[in-house]
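A closer look at the structure
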Amino acid sequence: MNNLILQIKKDLRASMNGVASAAMRSSADYRVNFGVELPRLHDLAEEYGKNHELAQALWKESVRECRIMATLIQPAELFDEDFADLWMESLHTVELAQITALNLFQNMKCASVKAFQWLASDEEIKQVTGLSIISHLMRRSTLNERSLYELRDQLDALLEAEESTIAIRRLASNMIYNLENGETKDD
């Protein structure tokens, strides 16, 4: 596994975007950041295919691109609530929270349950992740009417909470707009 990780890092270094890496380095909380664009990461992930063990090893690296690749190669059917909670505890950037929600969390069997749990948290990163998952589930029309009512209550609470950040308020407002205007599916 170590040789495979080294090969992936070599591939990432070869795809490095120095300007993007330098720009992200000051704002992100990764030990290493290659600045590799998302389409290139998707291509690399396809080369390696779905692989639970490799995804787990990549996630443990404090490298932005390794973590993004982990979200792409982790088979959702092998990703349970315990793994979701473990990965959530090491999410530190909004970018990675949203990417993980898109690539992996929304496809878990327990996606709706985890999304609502995280949405009810006091931690911004969990709220962002929960909102991101729910947004994807809404587009796929996988939320039932009861869940939509619960969502509206949660969104109202986020908007009223003094401790809600501007980012959370913006996400909640956009989601309420989409709910009120029936924009919950891909057209």
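Right above here is the structure, for reference.
Structural notes, computed from the coordinates. Given the structure is predicted, the values throughout are model-derived calculations rather than measurements.

1. Details of the pattern of salt bridges
Inspection of the entire model under this criterion finds ten salt bridges. Notably, a salt bridge pairs Arg64 with Glu65, separated by 2.9 Å at the nearest N-O pair. Neither residue differs from the other here; Arg64 and Glu65 are each classed as buried. Where Glu180 meets Arg152, a salt bridge forms, and the shortest distance between an N and an O atom there is 2.9 Å. In this pair, Glu180 sits in helix H11 (residues 166-180) while Arg152 sits in helix H10 (residues 145-160), placing the two residues 28 residues apart along the sequence. For Glu180, a relative accessible area of 53% corresponds to the exposed category. Each of the salt bridges in this network shares a partner with another, and the network as a whole consists of Arg64, Glu65 and Glu95.

2. A short note on the side chain of His136
Looking at the secondary structure, you find His136 in helix H9 (residues 124-139). In this structure His136 comes out as buried when scored by relative accessible area, which is 16%. If we skip the residues at most four places from it in the chain, His136 touches Ala101, Leu102 and Gln106.

Reading the values: the criteria
- Residue positions within a chain follow its written sequence, with the count starting from 1.
- Where local features are concerned, this predicted model is filtered to residues with pLDDT of at least 70; where side-chain atom pairs are given and counted, the filter is 80 or more; whole-chain, interface and lining totals use all residues.
- Hydrogens and waters are ignored; side-chain quantities use all the structure's heavy atoms.
- Any Lys or Arg side-chain nitrogen located within 4 Å of an Asp or Glu carboxyl oxygen qualifies as a salt bridge.
- When a residue's accessible area, from a 1.4 Å probe over protein chains only, is under 20% of the maximum for its type it is buried; when over 50% it is exposed; and in between it is partly exposed.
- Counting from the N terminus, the helices are DSSP H or I runs at least four residues long and the strands are E runs at least two residues long.
- Between two residues, a contact is recorded if the distance between any of their heavy atoms is within 4.5 Å.

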